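# Descriptive analysis of the structure
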Amino acid sequence: MMAGEEDELKQSRVVEARARNISHNVRCTECGNQSIEDSQADVAILLRKLIRDEIRSGTTDKDIYKKLQDDFGESVLYTPKFDLVTAALWLSPLLFAGAAGGIWAYNKRKQNNNVHVMALNLVRGVALSPKEKQTMLDLLTPPPPERSTLYSWWKKRLGQ
């Protein structure tokens, strides 16, 4: 092979690799959940050709993504940009999980602290409010004895 043919072969391989990389990151507008590289829809075939033509003309990958986004909207990209508009969407699961965890921890801590504070107040001789007295009684009163059932009757009869 001659040097010119080798350079042309190298150039076509670079174009093909860049085109495949871009095509894997662009969603088919007809299929929705398939990249244009994997899709056989007419629009996907045309977009693959457009990408290869743009690469051959010297356009950068970033400019190709920008052109596709301008023509078809942000939903054509599998990885939409992170900005003020999409921040709420990206961060909402974390915010909800954090809020739920914070509320749970606050309630748990409040419940545990109240019982401990009430017990300390009893030891110190500080009078409890009616609500605190009821809470302490609920916590310290053993459960009622087992009601008479057929199972308990047989258990007594068999001496267990």
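The name an unreviewed UniProt entry gives the chain is Cytochrome c-type biogenesis protein, with Actinidia chinensis var. chinensis as the organism. Of the comments in the UniProt record for the chain, the one headed Sequence similarities (unreviewed entry) reads "Belongs to the CcmH/CycL/Ccl2/NrfF family."

The next point concerns the overall build of the chain. For the chain, the count of helices and strands is 6 helices and 0 strands. Secondary structure elements of the chain occur, N-terminal to C-terminal, as α-α-α-α-α-α. Classification of the 160 residues of the chain by burial places 19% in the buried group. Per element, the accessible surface of the chain, about 12700 Å² overall, is 60% carbon and sulfur.

Attention now goes to a nonpolar patch on the surface. A contiguous nonpolar surface patch, about 710 Å² in accessible area, is contributed by Phe82, Leu89, Trp90, Leu91, Leu94 and Leu95. Along the polypeptide, Leu89 turns up in helix α4 (residues 84-124). In this structure Leu89 comes out as exposed when scored by relative accessible area, which is 65%.

A few words on the UniProt feature "transmembrane region" (unreviewed entry) in the chain. On the UniProt side, "transmembrane region" (unreviewed entry) is annotated at positions that read residues 87-106 here. Note that residues 87-106 is 100% helix and 0% strand, and that its end C-alpha atoms are spaced 27 Å apart.

Our focus in this paragraph is a negative patch on the surface. Residues Glu5, Glu6, Asp7 and Glu8 make up a contiguous surface patch of negative charge. Mapped onto the elements of the fold, Asp7 is located in helix α1 (residues 3-24). Residue class for Asp7 comes out exposed when judged on its relative accessible area of 51%.

Moving on to the confidence of the model for the chain. Chain-level statistics for the chain give a pLDDT mean of 82 and a share of 86% at 70 or above. Across the chain, the secondary-structure element scoring lowest on mean pLDDT is helix α6 (residues 150-157), at 66, and the one scoring highest is helix α2 (residues 42-56), at 91.

A word on helix α3 (residues 61-72). Because each turn of an α-helix spans 3.6 residues, side chains separated by three or four positions in sequence point in the same direction. Under the 1.5 Å per step criterion, the end-to-end length of α3 is 16 Å for 12 residues, consistent within 8% with the ideal 16 Å. Buried within α3 are the following residues: Ile64, Tyr65, Leu68 and Gln69. End-on, the buried residues of α3 take up no more than an arc of 135°, which puts them together on one face. In α3, the exposed positions that point more than 90 degrees away from the buried face belong to Lys62 and Asp70. Residue Gly73 follows α3 closely and has a positive phi angle near 95°.

Among the structural elements, Glu37 can be located in the loop between α1 and α2. Polar contacts involving the side chain of Glu37 include one to the side chain of Arg20, which spans 3.1 Å. Those residues within four positions of Glu37 in sequence are excluded, and the remaining contacts are Ala19, Arg20, Ser23, His24, Arg48 and Arg52.

Right, let's talk about the packing of α2 against α3 for a bit. Running from N to C, α2 and α3 cross one another at 140°; their axes reach a closest spacing of 11 Å. Here α3 runs oblique to α2, going by the angle between their axes. Crossing handedness for the pair α2 and α3: right-handed. Listed contacts from α3 to Leu47, Leu50, Ile51, Glu54 and Ile55 of α2 are Ile64, Lys67, Leu68 and Phe72. Residue composition of the contact of α2 with α3, grouped by class: 7 nonpolar, no polar and 2 charged.

By size, the foremost hydrophobic cluster in this structure holds 16 residues, and its most contacted members are Ile22, Val26, Ile36, Ile51, Ile55, Ile64 and Leu68. In this structure, Ile51 is in contact with Ala19, Ile22, Ser23, Ile36, Ile64 and Leu68, ignoring residues within four places of it in sequence.

Calculation notes
Residues numbered from 1 in each chain as written. Predicted model: local features only at pLDDT ≥ 70, side-chain atom pairs only at ≥ 80, totals over all residues. Heavy atoms only, no water. UniProt positions renumbered as here; feature names shortened; annotations may be inferred. Helix = DSSP H or I, 4+ residues; strand = E, 2+ residues; numbered from the N terminus. Buried < 20%, exposed > 50% of the residue type's maximum accessible area, 1.4 Å probe, protein only. Areas by Shrake-Rupley, 256 points an atom, 1.4 Å probe, with all protein chains shown as cover. Patch = residues over 30% accessible without salt bridge, like charges linked within 9 Å, V, L, I, M, F, W, Y side chains within 5 Å. Salt bridge = Lys/Arg side-chain N within 4 Å of Asp/Glu carboxyl O. Lys, Arg positive; Asp, Glu negative; His and termini not counted. Charge placed at Lys NZ, Arg CZ, Asp CG, Glu CD. pLDDT = per-residue confidence, 0-100. Expected span 1.5 Å × (residues − 1). Arc of directions from axis to C-beta. Polar contact = N/O pair within 3.5 Å; in protein donor to acceptor, adjacent residues only side chain to side chain. Contact = heavy atoms within 4.5 Å. Axes fitted to C-alpha atoms, helices over the stretch in contact; angles between N-to-C directions. Parallel < 35°, antiparallel > 145°, perpendicular 65-115°, else oblique. Left-handed = near helix turned anticlockwise from the far one by under 90°. Nonpolar A, V, L, I, M, F, W, Y, C, P; charged D, E, K, R; others polar. Core = buried A, V, L, I, M, F, W, Y, C linked by side-chain atoms within 4.5 Å.

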